[in-house]
Amino acid sequence: MSFAWIRWTAGAGLAGRITLAIIAGVLVLPVVQHTAQAQNRKAPSEREFVDRINDAFRRLQAGDSEGGRLRLKTTLRALADSNYSELTIRAYLNAVTLFERRRDNAFASDLFADASKTHAAQELGTAAATLWFEYARFLNRIQDYEAAIPVATEAHKRLRAIYGRNSQEDIAGGDILATVLTNNGAVAAGLNLSEDIYLNARKSLGERVPLTWRTENNYAEALRMVGHPDVAATIDEPLLKRRIAHYGLGSIQALVSASNLALNHLAMGNEAETLKALELQKRAAAALADPTSEHVAQADTWIAYTKAFFHPDRRLSNVDLEAMARVKDWNGAPDILRIKTAQLAADQFELRGNTTRALALRLDAYQRSQETIARQHPMTFDALLGVAMTRMKRGDKDTLATFKDVEQQSFRWMLREVGTAGNRYVAETMRKLADDILYEFGRYALQEPSAAVAYAEAVTRWKTMEDGDRTLLRLTADRLPDDATKTLAQTVLRLSGQQQELLSSGRIDGDARQVLTQLQDARQALSARMGEKAPSNLKLPAIADRLEQTDALVDFFVSGRRNRVTPTAPKPEMRLQAVIHRNGKAPTLVDLGPLDNFLGADVTSADRNKTFRRLYDTLLGPLKPQLADVRRLFLVPDSELYSLPFAMLQDASGRYLDEIYDTRIMTRADALFFADRDTKLAAGSKALLVGGLDYAGAASQLPSTRTEIDTVESDLRKRDLKVTTLSGNGVSEPRLRRDAKGASLIHLATHGFYKTASDRTDALWRSGLVASRPNLSRPPQRDDNDGVLYAHELMNWDLSSADLVVLSACQTALGDPSRVGSIRGLPTALAIAGARRSLLTLWEVADEGTANFMARFYQVLADEDLDYASALRKVRIEAMHGKIKAADDPSVWAAFVLFES
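Note that the coordinates shown come from a computational prediction; the quantities given were computed from them, not determined experimentally.

Both strand β11 (residues 752-754) and strand β12 (residues 767-770) contribute to a ladder of 3 bridges, which runs antiparallel. What sits directly across from G752, in β12, is L769. Bridging between β12 and strand β13 (residues 788-790) involves 3 bridges; their strand directions are antiparallel. When the sheet's bridge partners are listed, L769 is paired in β13 with L789.

Considering soluble globular proteins, one finds that nonpolar side chains tend to be buried as a cluster. Counting 116 residues, the largest nonpolar core has F556, L619, F646, L716 and F853 as its most contacted members. Top element by residues in this core is helix α33 (residues 868-880). It accounts for 7 residues. Apart from residues lying up to four places away in sequence, L619 is in contact with F556, L576, L592, F598, L641, L644, F646 and L649. One finds I53, F57, F99 and F107 within the second-largest nonpolar core, a separate group that totals 54 residues.

For the rest of this paragraph, the subject is the packing of aromatic side chains. Summed over all chains, the structure comprises 23 aromatic pairs. Each ring, one from Y642 and one from F899, has its centre 5.8 Å from the other, and the planes form 55°; the classification is tilted. Residue Y642 is found in the loop between β6 (632-636) and α27 (657-660), and its partner F899 is found in strand β18 (residues 896-900); the two are separated by 257 residues along the sequence. In this pair, the class of Y642 matches that of F899, namely buried. Joined through ring pairs, the aromatic side chains of F403, F441, Y444, Y455 and F557 make up one cluster. Looking at R474, its charged tip hangs above the ring of F674, at a distance of 3.8 Å from the centre. Residue placement shows K755 over the ring face of F753; its charged tip is 5.7 Å from the ring centre.

With that out of the way, let us pick up the confidence of the model for the chain. A low pLDDT score tells you not to read the predicted coordinates there in detail. Here the chain shows a mean pLDDT of 87. Residues at 70 or above account for 91%. Contacts for the low-pLDDT stretch residues 1-40, under 50 throughout, to residues beyond four places or in other chains number 92 contacts.

As a further point, take the pattern of salt bridges. Within the structure shown, the criterion is met by 55 salt bridges. The shortest N-O distance in the salt bridge between E100 and R141 comes to 2.7 Å. Taken together, the positions of E100 in helix α4 (residues 85-101) and R141 in helix α7 (residues 126-141) put the pair 41 residues apart, joining distant regions of the chain. For E100, a relative accessible area of 21% translates into the label partly exposed. Put simply, R224 and E221 hold a salt bridge, and the shortest N to O gap is 2.5 Å. A residue pair is termed a helical-turn pair when its members lie 3 or 4 positions apart in one helix, as R224 and E221 do in helix α11 (residues 210-225) at 3 residues. Counted as one network, the salt bridges with shared partners bring together R202, E207, E216 and R242.

Looking now at the packing of helix α19 (residues 378-394) against helix α21 (residues 424-447). Relative orientation of the contacting elements α19 and α21 amounts to 15°, with a least axis distance of 11 Å. In terms of orientation, α19 lies roughly parallel with respect to α21. Classified by chirality, the crossing of α21 by α19 is left-handed. Contact residues: P378, F381, L385, M389 and M392 in α19; T429, L433, D436, I437, E440, R443, Y444 and Q447 in α21. Classifying every residue of the contact of α19 with α21 by side-chain character gives 8 nonpolar, 2 polar and 3 charged.

Calculation criteria
- Residues numbered from 1 in each chain as written.
- Predicted model: local features only at pLDDT ≥ 70, side-chain atom pairs only at ≥ 80, totals over all residues.
- Heavy atoms only, no water.
- Pairing = 2+ DSSP bridges.
- Helix = DSSP H or I, 4+ residues; strand = E, 2+ residues; numbered from the N terminus.
- Core = buried A, V, L, I, M, F, W, Y, C linked by side-chain atoms within 4.5 Å.
- Buried < 20%, exposed > 50% of the residue type's maximum accessible area, 1.4 Å probe, protein only.
- Contact = heavy atoms within 4.5 Å.
- Phe/Tyr/Trp six-rings, centres within 6.5 Å; stacked < 30°, edge-to-face > 60°.
- Lys NZ or Arg CZ within 6 Å of the ring centre and 35° of its normal.
- pLDDT = per-residue confidence, 0-100.
- Salt bridge = Lys/Arg side-chain N within 4 Å of Asp/Glu carboxyl O.
- Axes fitted to C-alpha atoms, helices over the stretch in contact; angles between N-to-C directions.
- Parallel < 35°, antiparallel > 145°, perpendicular 65-115°, else oblique.
- Left-handed = near helix turned anticlockwise from the far one by under 90°.
- Nonpolar A, V, L, I, M, F, W, Y, C, P; charged D, E, K, R; others polar.

Following this line, the structure appears as C-alpha cells:
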C-alpha cells in the first residue's frame, strides 16, 4: 500500500476556496520562507518539519504503525509550538485526511482534537477558520454530533467574521452547524437555522450555485426526518432536475436527490410516485462510473421495500423476507434504509407469529437510530415505540417500562425542543408523535390495569404540556417574600401558559419565539430574586390526595393515531377515554368508544331530551362503578368535549347533571389544587363591570346589558366590593386593560364572537370581545385602538388577581379543539392571563333571559354567601324549574359553563 499526502492549491473547496490534490509519498510545500525569529532561535525550518513528517509516513508505509504514529504526533506538536501557523494547520488537516482515508477515524479524531488546541487554531485568519470548519465536517461524518456542535459553532462564527454575513463561507458554516444540530436531536434549533441558511443562499447566491443546492438538500433532509415530506418534496423535486442538468444522471448528486424524492413520496403514501423516483435512482446508480458500488443493489432493495410497504397484506416469501432482514447488516447502505427494512421485516415476522425475530429487528432499528440519527429524535422515538408494541404483543414484563421510557423521553425532548428554540414543523411532529405514543400506551393500559397509573400521569402531562413546574410555581406564589417577586412569578406563569398554547397549537412564528425568549429571561430573573428565600420542601401533590371521600375527578382524553398507519389499513377512529381518580385509589381507565358518539348534539332539536339521556348513558353510564357514592364530580373535558353542554345531560329518570352531582368543569386536572382558593365575593376587593356600550353602528346595541350591570353593581355593593362601571362610547381596550388589572371580579356584558376556521387564521384571532366603537371590517391584527379585543391580545393581559371573569356574551366558551391541550379560544386566553375561573357561554344567548339569569346569579352570591360554583348550580336549577323569567329554556341556562383553571 502506498501512502499519499495532500497539497492545497487555490481552487474550490470550502465555499469555493480550497482544492485537495493527491501527491504520493511527500508533503509538498510552497517556496519555504525562513523567518528571522526562527533562525535566531535555531528552530527547525519549515523544510525540516516537512522532512520529519514525511519520515513518519515512511515508517507507517514500512509497517511501523506505532513508531510512525508516535513520530507524526511528536512532530506535529513541535510544529504547533513554532511560529509556522499556516504550515501547522495544513499539516494537521493533511494528516487527518490521510488517516480518515485509511478509515482510522479514532486517530484522525485525536489529531483534530490536538489541532484545535494549538495557538494556530486560536489565531484570527482564514487558515484557522478552515481548520474549525473541516473539524466540524469530520465530526459530522463520523456521527459524533454532540462534539461537533461547539466546533461547528466556532467555525460559523469565524467564517462570518472573516467573510461577512451571507457570503459563501458564512452560508457553508451555517449549513454544517444546522446539520449537526439537527443530527444531534436539537431539531428545532437546527431546522430554524437550516431554513434561514437555505433562504439566504437562494437570495444571496442564487439558484444555480452548487452550495445553494447543498443547503436545499440539507434543509429538505431535516424536514423529512421530522415527518414533513410534503414540504421537503417541494424542494427536492426541482433540485433533482437542476442536479441532473448540471452533473448528469450518472452522478452521486442525482442519485441522492432521486432517493430523497422517493422517500418523500413513500412517507406521503404515494406508491406510483415513489416507484417512479426509485427507478430514476436505479438508472442513476447504473450510470455511475464505479461498477463495484452497491448503489444498484440498494435501489433494488428500496423498490422491494416499497412494494412490500404499500401491500402489507401480501406476505413476502421466506427468501425475500430473510433478504430484507439482512439489509440491516449492509455497512455501505444508507442508515435510513437499514432502519426501515428492519422495521418492515419485523412487521412481516409478526404476521407469521414470530415475535422473537420481530423484537430483535426492532431493537436493532432502535439502536441504529440512536447511533446514526440521534438518541433524542422523532425517528428514534418511533423506533422505540415499535419495540414497546412488539413487547405488548408478546406479553413481555418489560412492556410497561418501555412505554414509560418512550413517553417520558419524547416529552422531555418536546419541552426542550419546542419550548426553547421553537419550530412550527417540529411542533406538528411532536403532536403526531404524542398521538401515536398515547394511543398505543392507552391500548396497553386497557388490557393491563397495572399500567393505568403511568398512563394517567402521561395523559396529564401531554394535556397540559407541562412537567409540573408551572403548577408548583402557582402553589408557591402566595408564599413568595415580596410583591416584586410575586409579580415576576406571575409573569413567568403567564408566559409559561403562552408557551403551552404555542406547543399545543404548533404555530411557531416570530411572536412565539419572542415569548420563548421572554420566558427564559423571566425564569432566570425569578431564580436570581428568590435565591435562598424560595419556599422549600415543595412537591407536586397527587390528585387523589386532594379529593374528598365523596369526590371523583374524571379526566377525559381523546385518543387516536396519525403517524403509524399503514397505507392499506383504515385510519383508527378517534376514541374517548376516561381516567377516573378517587381518594385513596389508583386511577382507573375506561374506554368510552368512538368520539363521534359524543359529538353533534343539538340543544334546539325536538328530541333533545332523548339525545342528552343517551349521552349521559354513554358518557357517564360506563363509569357507574367508579362513581359510586360520589356527590361532587370534577370533569376535565378534552378536545371537542369542551363544546358539550354537560349541564343538559339527563339520567333515565330525567334528572339533569346539576341535580345529580355538584358538578365542576376544570380546564386541567391540576386545577383541582386551586379549586378551594378565593371562591367567594370578598369585601374590599375590586370589581369591574362593563355593559351598555356604544358600538357606533358596527354591531347591534344590547340595551339590557346596561340594566344588567346596574343590577350587578347593586348586589356587589351589598358585599362592600369596590365597583368600577364602564359604559358608553369611551370604553377602549387600554381602558379595559388598565381597570381589569387588580380586579378580583370582572363582568363584561357585550358582544362576543368565535368564527369557525375558513382559512389558516389562528383560533386566537378568530375569537374575542367587542369594546366601544369597534372596527370589525378589517382582518384581525394587534391594535389596542380598534375596539376589538381578540383572544390573542387578551392572553397578554394581567388577570392574576381575577377570581372570576364573567363574559356575558355570545359564544365565549367556544374555540378550536386542540389535539393536545384544551380548547383554543377565549377560555385559553383567560387562563393564560391568570384568571382562576371564567363563566362563559357555549352559544348565542337571548338578551333578556341572559340578563335575568346573571342578575339572579349575583343576587345569590351577595345574599347567600355561596361560592361561585355553588351559586351557579343553584341558579341553574332554579332556571330549570321556571323560577327565573325568560331563562327556563336550556338555550339560556345550559349555555353558561364555569371553567376552573
